[in-house]
Amino acid sequence: MPDNDLTIHAIAHIESDFKEKFGIPRQSGLVDALRARVVFEPPYRDPSALRGIQQFSHLWLVWQFTQAVRDKWSPTVRPPRLGGNTRVGVFATRSPFRPNPIGLSCVRLEGVEQDPVCGPVLLVRGADLLDGTPIYDIKPYIPYVDSHPDAAEGYTAQTQTYKLAVRCPKALRDLLLPGQWEALEGVLENDPRPSYQDDAQRVYGMRFAEWEVRFTVADGVLTVEQIRTAPEE
(Lines give C-alpha, C1' and ligand atoms only; values in the text may rest on other atoms or scores of the structure.)
Protein backbone atom coordinates (compact mmCIF):
# COMPACT_ATOMS: atom_id res chain seq x y z
CA MET A 1 0.00 0.00 0.00
CA PRO A 2 1.19 3.56 -0.61
CA ASP A 3 2.23 5.66 2.35
CA ASN A 4 -0.82 7.81 3.12
CA ASP A 5 0.80 9.91 5.83
CA LEU A 6 0.83 13.61 5.03
CA THR A 7 3.06 16.35 6.34
CA ILE A 8 1.35 19.74 6.47
CA HIS A 9 2.55 23.13 7.61
CA ALA A 10 0.73 25.85 9.52
CA ILE A 11 0.05 28.79 7.21
CA ALA A 12 -1.24 31.07 9.97
CA HIS A 13 -2.27 31.28 13.60
CA ILE A 14 -5.16 32.98 15.32
CA GLU A 15 -5.06 35.79 17.85
CA SER A 16 -8.19 35.47 20.00
CA ASP A 17 -9.41 36.43 23.46
CA PHE A 18 -9.27 32.82 24.69
CA LYS A 19 -6.11 32.06 26.64
CA GLU A 20 -7.41 28.72 27.94
CA LYS A 21 -9.89 26.08 26.78
CA PHE A 22 -12.55 26.77 29.41
CA GLY A 23 -15.07 29.23 28.03
CA ILE A 24 -14.42 28.71 24.32
CA PRO A 25 -17.77 28.36 22.48
CA ARG A 26 -18.55 24.78 21.52
CA GLN A 27 -19.16 25.75 17.90
CA SER A 28 -18.01 28.52 15.61
CA GLY A 29 -20.49 31.27 14.82
CA LEU A 30 -22.36 30.99 18.13
CA VAL A 31 -21.03 34.35 19.33
CA ASP A 32 -20.74 36.76 16.41
CA ALA A 33 -19.46 39.54 18.70
CA LEU A 34 -16.19 37.63 19.21
CA ARG A 35 -13.46 39.24 17.13
CA ALA A 36 -10.15 37.60 16.22
CA ARG A 37 -7.21 38.04 13.84
CA VAL A 38 -5.78 35.44 11.50
CA VAL A 39 -2.07 36.22 11.23
CA PHE A 40 -0.12 34.49 8.47
CA GLU A 41 3.25 32.87 9.01
CA PRO A 42 6.13 34.63 7.19
CA PRO A 43 6.24 32.35 4.11
CA TYR A 44 2.55 32.99 3.44
CA ARG A 45 2.35 36.78 3.86
CA ASP A 46 1.97 37.43 0.16
CA PRO A 47 -1.06 39.74 -0.40
CA SER A 48 -1.72 38.10 -3.76
CA ALA A 49 -2.72 34.89 -1.91
CA LEU A 50 -5.76 36.79 -0.62
CA ARG A 51 -6.79 38.34 -3.93
CA GLY A 52 -10.59 38.09 -4.19
CA ILE A 53 -11.15 36.88 -0.63
CA GLN A 54 -13.22 39.93 0.31
CA GLN A 55 -15.87 38.86 -2.18
CA PHE A 56 -16.86 36.25 0.42
CA SER A 57 -18.60 36.97 3.71
CA HIS A 58 -17.56 33.75 5.47
CA LEU A 59 -14.53 31.46 5.52
CA TRP A 60 -13.69 27.92 6.57
CA LEU A 61 -10.66 27.57 8.82
CA VAL A 62 -8.89 24.20 9.08
CA TRP A 63 -6.84 24.03 12.27
CA GLN A 64 -5.34 21.83 14.97
CA PHE A 65 -6.61 21.00 18.46
CA THR A 66 -3.18 21.66 19.98
CA GLN A 67 -4.28 20.70 23.50
CA ALA A 68 -5.88 17.43 22.45
CA VAL A 69 -2.93 15.66 20.79
CA ARG A 70 -2.75 12.05 21.97
CA ASP A 71 -0.91 8.88 21.01
CA LYS A 72 -4.10 6.81 21.23
CA TRP A 73 -7.68 7.40 20.21
CA SER A 74 -11.08 6.08 21.29
CA PRO A 75 -13.88 5.13 18.88
CA THR A 76 -16.42 6.70 21.25
CA VAL A 77 -16.51 9.99 23.17
CA ARG A 78 -18.86 11.66 25.67
CA PRO A 79 -20.20 14.99 24.39
CA PRO A 80 -20.49 17.52 27.25
CA ARG A 81 -23.88 18.72 26.06
CA LEU A 82 -25.27 15.20 26.59
CA GLY A 83 -24.28 15.34 30.25
CA GLY A 84 -20.85 13.78 29.87
CA ASN A 85 -22.16 10.24 30.39
CA THR A 86 -23.63 9.24 27.01
CA ARG A 87 -21.13 7.77 24.57
CA VAL A 88 -21.43 8.27 20.82
CA GLY A 89 -19.08 7.53 17.95
CA VAL A 90 -16.22 9.98 17.61
CA PHE A 91 -17.08 10.56 13.94
CA ALA A 92 -20.61 11.53 14.98
CA THR A 93 -19.22 14.40 17.06
CA ARG A 94 -16.96 17.41 16.81
CA SER A 95 -14.97 16.33 19.83
CA PRO A 96 -11.31 17.44 19.86
CA PHE A 97 -10.24 13.92 20.83
CA ARG A 98 -9.95 12.41 17.37
CA PRO A 99 -7.51 10.16 15.48
CA ASN A 100 -6.24 13.36 13.84
CA PRO A 101 -6.82 16.43 16.05
CA ILE A 102 -8.13 18.61 13.22
CA GLY A 103 -10.81 21.25 13.70
CA LEU A 104 -13.07 22.99 11.19
CA SER A 105 -14.67 26.37 11.85
CA CYS A 106 -16.82 28.73 9.82
CA VAL A 107 -16.10 32.39 10.62
CA ARG A 108 -17.38 35.68 9.28
CA LEU A 109 -14.82 37.76 7.39
CA GLU A 110 -14.93 41.32 8.63
CA GLY A 111 -12.04 42.64 6.57
CA VAL A 112 -8.39 42.46 5.59
CA GLU A 113 -5.93 44.62 7.50
CA GLN A 114 -2.44 45.53 6.35
CA ASP A 115 -0.24 45.16 9.41
CA PRO A 116 3.16 46.91 9.16
CA VAL A 117 4.87 43.91 10.77
CA CYS A 118 2.69 40.90 9.92
CA GLY A 119 1.53 41.87 6.44
CA PRO A 120 -2.08 41.06 5.46
CA VAL A 121 -4.20 39.96 8.42
CA LEU A 122 -7.75 38.60 8.28
CA LEU A 123 -10.22 40.15 10.72
CA VAL A 124 -12.87 37.56 11.58
CA ARG A 125 -15.86 37.14 13.87
CA GLY A 126 -17.36 34.12 15.61
CA ALA A 127 -14.16 32.07 15.93
CA ASP A 128 -14.02 29.24 18.49
CA LEU A 129 -10.23 28.89 18.60
CA LEU A 130 -7.73 29.13 21.43
CA ASP A 131 -5.28 32.01 21.10
CA GLY A 132 -2.25 30.89 19.10
CA THR A 133 -3.98 27.94 17.42
CA PRO A 134 -2.20 26.96 14.17
CA ILE A 135 -4.28 27.20 11.01
CA TYR A 136 -3.51 24.84 8.12
CA ASP A 137 -5.87 26.07 5.44
CA ILE A 138 -8.46 28.73 4.64
CA LYS A 139 -11.28 28.24 2.15
CA PRO A 140 -14.26 30.39 1.18
CA TYR A 141 -17.67 29.39 2.49
CA ILE A 142 -19.94 28.99 -0.55
CA PRO A 143 -23.63 29.17 0.40
CA TYR A 144 -25.12 27.27 -2.52
CA VAL A 145 -23.09 24.15 -1.75
CA ASP A 146 -22.16 24.57 1.93
CA SER A 147 -25.62 25.49 3.27
CA HIS A 148 -28.18 22.71 3.76
CA PRO A 149 -31.19 24.11 5.67
CA ASP A 150 -32.99 20.75 5.56
CA ALA A 151 -30.07 18.82 7.11
CA ALA A 152 -30.82 16.54 10.07
CA GLU A 153 -29.54 17.95 13.37
CA GLY A 154 -29.07 14.69 15.24
CA TYR A 155 -28.71 14.95 19.00
CA THR A 156 -27.73 18.64 18.71
CA ALA A 157 -31.39 19.56 18.20
CA GLN A 158 -32.01 19.14 21.94
CA THR A 159 -29.21 21.51 22.97
CA GLN A 160 -29.02 24.29 20.39
CA THR A 161 -31.59 26.60 22.01
CA TYR A 162 -30.20 26.26 25.53
CA LYS A 163 -29.02 29.59 26.96
CA LEU A 164 -28.51 31.15 30.36
CA ALA A 165 -29.71 34.56 31.46
CA VAL A 166 -26.64 36.66 32.31
CA ARG A 167 -26.54 39.23 35.08
CA CYS A 168 -23.59 41.51 35.64
CA PRO A 169 -23.31 44.75 37.64
CA LYS A 170 -22.76 47.79 35.43
CA ALA A 171 -19.62 48.65 37.39
CA LEU A 172 -18.05 45.38 36.23
CA ARG A 173 -19.25 45.73 32.64
CA ASP A 174 -17.72 49.20 32.49
CA LEU A 175 -14.26 47.75 33.19
CA LEU A 176 -14.19 46.18 29.74
CA LEU A 177 -13.12 47.77 26.49
CA PRO A 178 -15.77 48.72 23.89
CA GLY A 179 -17.23 45.57 22.35
CA GLN A 180 -15.73 43.22 24.94
CA TRP A 181 -18.85 42.93 27.10
CA GLU A 182 -21.04 41.93 24.13
CA ALA A 183 -18.56 39.19 23.26
CA LEU A 184 -18.16 38.01 26.85
CA GLU A 185 -21.94 38.02 27.42
CA GLY A 186 -22.38 35.82 24.35
CA VAL A 187 -19.81 33.37 25.71
CA LEU A 188 -21.42 33.26 29.15
CA GLU A 189 -25.02 32.84 27.98
CA ASN A 190 -23.97 29.70 26.11
CA ASP A 191 -22.89 28.23 29.46
CA PRO A 192 -19.14 27.45 29.53
CA ARG A 193 -19.60 24.74 32.18
CA PRO A 194 -19.63 21.02 31.41
CA SER A 195 -23.25 19.88 31.46
CA TYR A 196 -22.63 17.52 34.38
CA GLN A 197 -21.65 20.41 36.67
CA ASP A 198 -24.64 22.07 38.33
CA ASP A 199 -23.52 23.32 41.74
CA ALA A 200 -25.20 26.62 42.59
CA GLN A 201 -22.59 27.34 45.26
CA ARG A 202 -19.58 26.84 43.03
CA VAL A 203 -17.70 29.89 41.77
CA TYR A 204 -16.33 29.31 38.28
CA GLY A 205 -13.43 31.22 36.78
CA MET A 206 -12.36 31.75 33.18
CA ARG A 207 -9.87 33.84 31.26
CA PHE A 208 -11.17 36.22 28.63
CA ALA A 209 -8.72 38.55 26.91
CA GLU A 210 -6.77 40.26 29.70
CA TRP A 211 -9.50 39.55 32.26
CA GLU A 212 -10.29 36.89 34.82
CA VAL A 213 -14.05 36.43 35.10
CA ARG A 214 -15.67 34.70 38.08
CA PHE A 215 -19.32 33.68 38.07
CA THR A 216 -21.99 31.47 39.62
CA VAL A 217 -24.97 29.73 38.01
CA ALA A 218 -28.29 28.95 39.67
CA ASP A 219 -31.77 28.30 38.26
CA GLY A 220 -30.78 29.18 34.70
CA VAL A 221 -29.17 32.50 35.68
CA LEU A 222 -25.45 33.18 35.43
CA THR A 223 -24.29 35.95 37.76
CA VAL A 224 -20.92 37.59 37.22
CA GLU A 225 -19.33 38.02 40.64
CA GLN A 226 -16.00 39.53 39.70
CA ILE A 227 -14.03 40.80 36.71
CA ARG A 228 -10.41 41.61 37.38
CA THR A 229 -7.13 41.83 35.51
CA ALA A 230 -5.82 38.30 35.02
CA PRO A 231 -2.53 37.51 36.75
CA GLU A 232 0.49 37.22 34.51
CA GLU A 233 1.36 33.67 33.54
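Scope of this entry: the structure provided in the associated data block.

About the thresholds
- Residues numbered from 1 in each chain as written.
- Predicted model: local features only at pLDDT ≥ 70, side-chain atom pairs only at ≥ 80, totals over all residues.
- Heavy atoms only, no water.
- Buried < 20%, exposed > 50% of the residue type's maximum accessible area, 1.4 Å probe, protein only.
- Helix = DSSP H or I, 4+ residues; strand = E, 2+ residues; numbered from the N terminus.
- Contact = heavy atoms within 4.5 Å.
- Salt bridge = Lys/Arg side-chain N within 4 Å of Asp/Glu carboxyl O.
- Phe/Tyr/Trp six-rings, centres within 6.5 Å; stacked < 30°, edge-to-face > 60°.
- Pairing = 2+ DSSP bridges.
- Axes fitted to C-alpha atoms, helices over the stretch in contact; angles between N-to-C directions.
- Core = buried A, V, L, I, M, F, W, Y, C linked by side-chain atoms within 4.5 Å.

Along helix α3 (residues 180-189), seven of the 10 residues are buried, which leaves the element largely enclosed by surrounding structure. Residues of α3 that are buried: Gln-180, Trp-181, Ala-183, Leu-184, Gly-186, Val-187 and Leu-188. Looking at the buried positions of α3, the neighbouring elements they touch are β9 (165-167), α2 (170-173), β10 (204-208), β11 (211-218) and β12 (221-229). Once α3 ends, the next one or two residues include Asp-191, with phi positive near 65 degrees.

Counting across every chain of the model gives 14 salt bridges. Ionic pairing is found between Asp-131 and Lys-19, a salt bridge with its closest N-O pair at 3.4 Å. Placement of Asp-131 in the loop between β7 (119-125) and β8 (134-140) and of Lys-19 in the loop between β1 (12-15) and β2 (35-40) is noted, with a sequence separation of 112 residues between them. What makes Asp-131 partly exposed here is its relative accessible area of 30%. Here Asp-137 ties to Lys-139 by a salt bridge, and the two come within 3.0 Å at their closest N and O atoms. Note on Lys-139: relative accessible area 43%, which makes it partly exposed.

This part covers the packing of aromatic side chains. All chains considered together, the criterion is met by five aromatic pairs. The interplanar angle of 70 degrees and the centroid separation of 5.9 Å between the aromatic rings of Phe-18 and Phe-208 together place this pair among those described as edge-to-face. Taken together, the positions of Phe-18 in the loop between β1 and β2 and Phe-208 in strand β10 put the pair 190 residues apart, joining distant regions of the chain. We classify Phe-18 as buried; its relative accessible area is 1%.

Right, let's get into the sheet that holds β2. Taken in spatial order, the six strands line up as β1-β2-β7-β6-β3-β8 and close into a barrel, and their pairing is antiparallel. The sheet shows a mean angle of 45 degrees between the axes of neighbouring strands, taken without regard to direction.

Core analysis: the biggest nonpolar cluster contains 26 residues, and Leu-184, Phe-208, Val-224 and Ile-227 have the highest contact counts within it. Sorting the residues of this core by element identifies α3, β10, β11 and β12 as the ones contributing at least two each. It is α3 that contributes the most residues to this core, five residues altogether. What Phe-208 contacts, discounting residues up to four positions off in sequence, is Asp-17, Phe-18, Leu-34, Gln-180, Ala-183, Leu-184, Val-187 and Val-213. Judged by nonpolar contacts, the second largest core, of 21 residues, contains Ala-12, Ala-36, Ile-53 and Leu-61.

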